[in-house]
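Topology and contacts: notes
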Amino acid sequence: MNKLKSTLLSLVAAAAVAGCSDPGSDREMDRFIDGLMKKMTVEEKIGQMNLIAIDGSVMTGPVTESATGEKIVSGEVGALLNVMVPEKIRDLQELVVTKSRLGIPLLFGMDVIHGYNTVFPMPIGLSATWNMASVEEVARISAVEATAQGVNWTFSPMVDLSYDARWGRVAEGAGEDPYLASEIARAYVRGYQGDLSRNDNLLACVKHFALYGAPEAGRDYNLVDMGRMRMYNEYFLPYKAAVEEGAATVMSAFNEVEGVPAAANKWLLDDVLRKQWGFDGFVVSDWDAVREITVHGIGDLKEVSVRALDAGLDMDMASQGFAKTALESLGEGRITEKQIDRACRRVLEAKYKLGLFADPYKYNDLKRLETDILTPEHRAAARRIAAESFVLLKNRENTLPLARKGVVAVVGPFADNRPNQLGSWAFGGDIEAPTTVLEGLREATKGRAEVVYAMGCNITDDPEYERVLASWGRALARDKRSDAELMREALAAARRADVVVAVMGEAAEMSGEGASRTELGMPAVQQRLLGELKKLGKPIVLVLFSGRPMTLVEENDKYDAILYAWFPGTEGGPAVADVLFGDAEPGGRLTMSFPRSVGQVPIHYNGRQTGRPAPADGSITRYVSGYVDESHLPLYPFGYGLTYTTFEYGDVILGSAEMSPGGTVEASVEVTNTGSRPGTEVVQLYLRDPVASVTRPLKELKGFEKIRLEPGETKTVTFTIDSGMLEYYDNSLERVLEPGAFDVMIGPNSAETKSATFTLLK
């Protein structure tokens, strides 16, 4: 190592990176980065703003002989993504430290979305736990496993709100509610980042800023058109919460905002994110988003790169717009070195806070591969949290839990399908690691009941659809037997059985990025199999895998029990068995409204009143804001989920009928377990401002508490309502608190609440 590199590393080691929350360390960081940047050429500064994916030669040969290696040595790269071999990450870091002029360490980014090796439920399922401790635990374990393999930056959490289940990426989000999504965003950031002095935490990246979850027609990457009042009162809130929690990085979105693509939107990236919210980390584009601005019709690569840098974008992912054009634009006076310095400094500060200057190999301890990956503790957590995420949608005459006796027929294309359990965005997961539902049920009933199995049908009977769905070179599992033969086998198994467990729903490839759908029901071949099984007269338990709300009107009418298991991850099979046999309870509550028909979407609980509201009971009539062929109400409302017991709510009791500005009012309710089993309930608090200067939502979630009660036990749940919960942004984007009456609603979901009213005084 040359003298300059040795000096740089020793300077940072002396800066006590572990104490970066201390103001003194901030001064040390500034001093160090000032000194480093004085030594950097403009080209090296631009290099820090460049995030690239590795080329194939890195994985097949020595890194020094690859095109990526050449760029690293010449200082043209600040970060890499999608390097999944720990030894290669170590080699690449060593290459930059020992061979490049200044030895500035690299960031290694990866989409660590719902676990790394140990895969947890998809984020939409994880959100259904309504348990911030579980969300934080998943992020924490994800960070431990990813960092053990050299990853020090995750492109997560995705906090985009969405009201439209056609959009495939609802699987990666936290649902439709701004308050709940904000709490989940905070939990993810805490779990990922924690104390950055450790080698098992990593940088979080909040995405996609902003409004990505509201594309027209539910089509991924599509136009978003939204007024600012809605942005500030709804869609912005989870991003802001993550920034307040200390998220180190933010990813700009693909979509445009008010006619300007997000990656080059100065109002969004500078005015809102930095000036209004005080974000001091760096902003990275989404994959190739800078180049894609040219497709929007804004200009050529040089022009859009100038606009992106001016807007406040600090790092370009994949398109290399800065790397290819910034030096020329600087010479033409279209950008300034001050702008380049600003972006470069933000990237260097992130590396400093991670401790990479003090120890470039901090995340390259290969011994951790033997101790921190897929551990029994991690798998146990995955099993417990998966069960907590499952939502029991229906349970006619207490069909569930099942008894361990007799014959259980397990059918369906996902009953014994390992890869599908992982869902999308599970790059680090071993597709052979999951325990399937079939295996989980057999283990759970060993020596006590007989489990018979038949696949019953393929995922879909449309080969062209399967071809479109195949991603990353992975085709959908398909049995080459005819539909009739598969069905005969399933019916024969079901005739022997006392109960049928049908494991069906969506393939993992039917949800996620680039997987928008116009229909939200189960594939027709699965529906046909269910229809034939129904004719046998046996109890049918439907276990559904999915990454989004589906339309289940017919299923709700016909079948005895429906358990929504999302894509449950590595331990999904045992978790399903735990819940079906009552060893664990289904702990989930919906975080998105389930439509009756795709024609209802976008649908959400917190809409506004119109001048001609549809009947509250969902009945159909004309000349109101509804439909003439279907109820306007969802099939299952936001917050809904059954348990294996029943709960009774008392009246809402207010501590005072009035609140002074700056004061509080307590709202209490007694909840009693009226069933015969212990159970967990999510008590939900909603507020409404019925008369305001602008129209306000019919109700807004403002608090929740998860409680566990023994049979016959009663607990009083108390929420403290403060004036901040009553504030909102008016149509001048002023944060206002308006006096008057406020409705307080408490219940088990957004549709079943009891209410009381207090008055906010002037």
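For the structure, check the block above.
What this report covers is the structure whose coordinates are included nearby. For clarity, every value in this text was computed on a predicted model and none was experimentally measured. (Residues numbered from 1 in each chain as written. Predicted model: local features only at pLDDT ≥ 70, side-chain atom pairs only at ≥ 80, totals over all residues. Heavy atoms only, no water.)

Observations regarding the overall build of the protein
Inclusion rule: A run of H or I in DSSP becomes a helix once it reaches four residues, and a run of E becomes a strand once it reaches two; helices and strands are each numbered from the N terminus. Here the radius of gyration uses the C-alpha set of atoms, whereas the globule reference equals 2.2 Å times the residue count to the power 0.38. Partly exposed residues are those whose accessible area sits between 20% and 50% of the maximum for their type, while under 20% is buried and over 50% is exposed, using a 1.4 Å probe and protein chains only. Here, two residues are considered to be in contact whenever any of their heavy atoms come within 4.5 Å of each other. Each accessible area is a Shrake-Rupley result for a 1.4 Å probe, and residues are judged covered by the shown protein chains and nothing else. Charge convention: Lys and Arg are scored as positive, Asp and Glu as negative, and His as well as the terminal groups of each chain are ignored. Where a charge sits is defined by one atom per residue type, namely NZ (Lys), CZ (Arg), CG (Asp) or CD (Glu).
Scanning the protein from N- to C-terminus turns up 23 helices and 27 strands. Taking 2.2 N^0.38 as the reference for a compact globule, 762 residues should give roughly 27 Å; the C-alpha atoms of the protein span a radius of gyration of 27 Å, in line with that estimate. Evaluated residue by residue, the protein yields a buried proportion of 60% over its 762 residues. Across the protein, the fraction of contacts at a sequence separation of at least 24, relative to all contacts at a separation of at least 6, is 78%. For the protein, the exposed area adds up to about 27700 Å²; of that, 48% sits on carbon and sulfur atoms. Of note, the protein has its 82 positive side-chain charges centred 1 Å away from the centre of its 106 negative side-chain charges.

Here's the deal with the sheet that holds strand E11 (residues 391-395)
Quick reminder of the rule: The rule for pairing is simple: two strands pair if DSSP sees at least two bridges between them. Axis lines are fitted to C-alpha atoms, over the contacting stretch for helices. Their N-to-C directions set the angle, which ranges from 0 to 180 degrees.
Taken in spatial order, the six strands line up as E11-E16-E15-E14-E12-E13 in an open sheet, and their pairing is mixed. Since the sheet does not close on itself, it has two edges, and those belong to E11 and strand E13 (450-454), each with one partner. Recorded for the sheet is a direction-independent mean angle of 20° between the axes of neighbouring strands. Across four bridges, the pairing between E11 and strand E16 (residues 561-564) is antiparallel. Across the sheet, Lys394 pairs through a bridge with Ile562, a residue of E16. Taken strand by strand, helix H21 (residues 524-534) contacts strand E12 (407-411), strand E14 (499-505) and strand E15 (540-545), and its axis lies near 170° from that of E14.

Things to note about the packing of helix H9 (residues 178-193) against helix H10 (residues 228-244)
Defined as follows: Angular relationships are summarised with four words: roughly parallel below 35 degrees, roughly antiparallel beyond 145, roughly perpendicular across 65 to 115, and oblique for the angles in between. Note on convention: the crossing is left-handed when the near helix lies turned anticlockwise from the far helix by less than a right angle, right-handed when the turn is clockwise.
Contact pair H9 / H10: the axes reach a minimum separation of 8 Å and the direction vectors enclose 20°. By the angle class used here, H9 and H10 are roughly parallel. The hand of the H9/H10 crossing is right-handed. Counting all contacts with H9, which are made through Pro178, Ala181, Ser182, Ala185, Arg186 and Val189, the residues of H10 involved are Asn233, Glu234, Leu237, Pro238, Ala241, Ala242 and Glu244.

Points about the packing of aromatic side chains
Note on aromatic pairs: each is described by the distance of the centres and the angle between the planes. Here is the rule we go by: Under the pairing criterion, centres of Phe, Tyr and Trp rings, with the six-membered ring standing for Trp, must be within 6.5 Å; the plane angle then separates stacked pairs below 30 degrees from edge-to-face pairs above 60, leaving the rest tilted. Whether a charge sits over a ring depends on NZ of Lys or CZ of Arg being within 6 Å of the ring centre and within 35 degrees of the ring normal.
Within this structure, the stated rule accounts for 30 aromatic pairs. Considering the side-chain rings of Tyr605 and Tyr686, the 5.5 Å spacing of their centres and the 75° angle between planes classify their relative orientation as edge-to-face. Residue Tyr605 is found in the loop between helix H23 (572-580) and strand E17 (647-649), and its partner Tyr686 is found in strand E21 (residues 679-688); the two are separated by 81 residues along the sequence. Comparing Tyr605 with Tyr686 shows no difference in burial state: the two are buried. Taken together, Phe209, Tyr232, Phe236, Tyr239, Trp267, Trp277 and Tyr729 form an aromatic cluster joined through their ring pairs. Between the NZ or CZ atom of Arg228 and the centre of the ring of Trp267, over which it lies, the distance is 3.7 Å. Cation over ring: Arg696 sits above Tyr728, and NZ or CZ is 4.1 Å from the ring centre.

Overview of the environment of Gly607
Checked against the element boundaries, Gly607 lands in the loop between H23 and E17. Through-space distance from the C-alpha of Gly607 to that of Thr695 is 10.0 Å; in sequence the pair is 88 residues apart. Apart from residues lying up to four places away in sequence, Gly607 is in contact with Pro697 and Leu698.

A closer look at the sheet that holds strand E9 (residues 282-284)
Two orientations exist for strands paired in a sheet by backbone hydrogen bonds: parallel and antiparallel. Judged by pairing direction, the sheet is parallel, and its three strands sit side by side in the order E5-E6-E9 without closing on themselves. In this open sheet, the two edge strands, each paired with only one partner strand, are strand E5 (205-209) and E9. Ignoring which end each strand starts from, the neighbouring axes of this sheet average 30° apart. Looking at chain direction, E5 and strand E6 (residues 249-252) are connected through three bridges and run parallel. From the neighbouring strand, Val206 faces E6, where its bridge partner is Val250.

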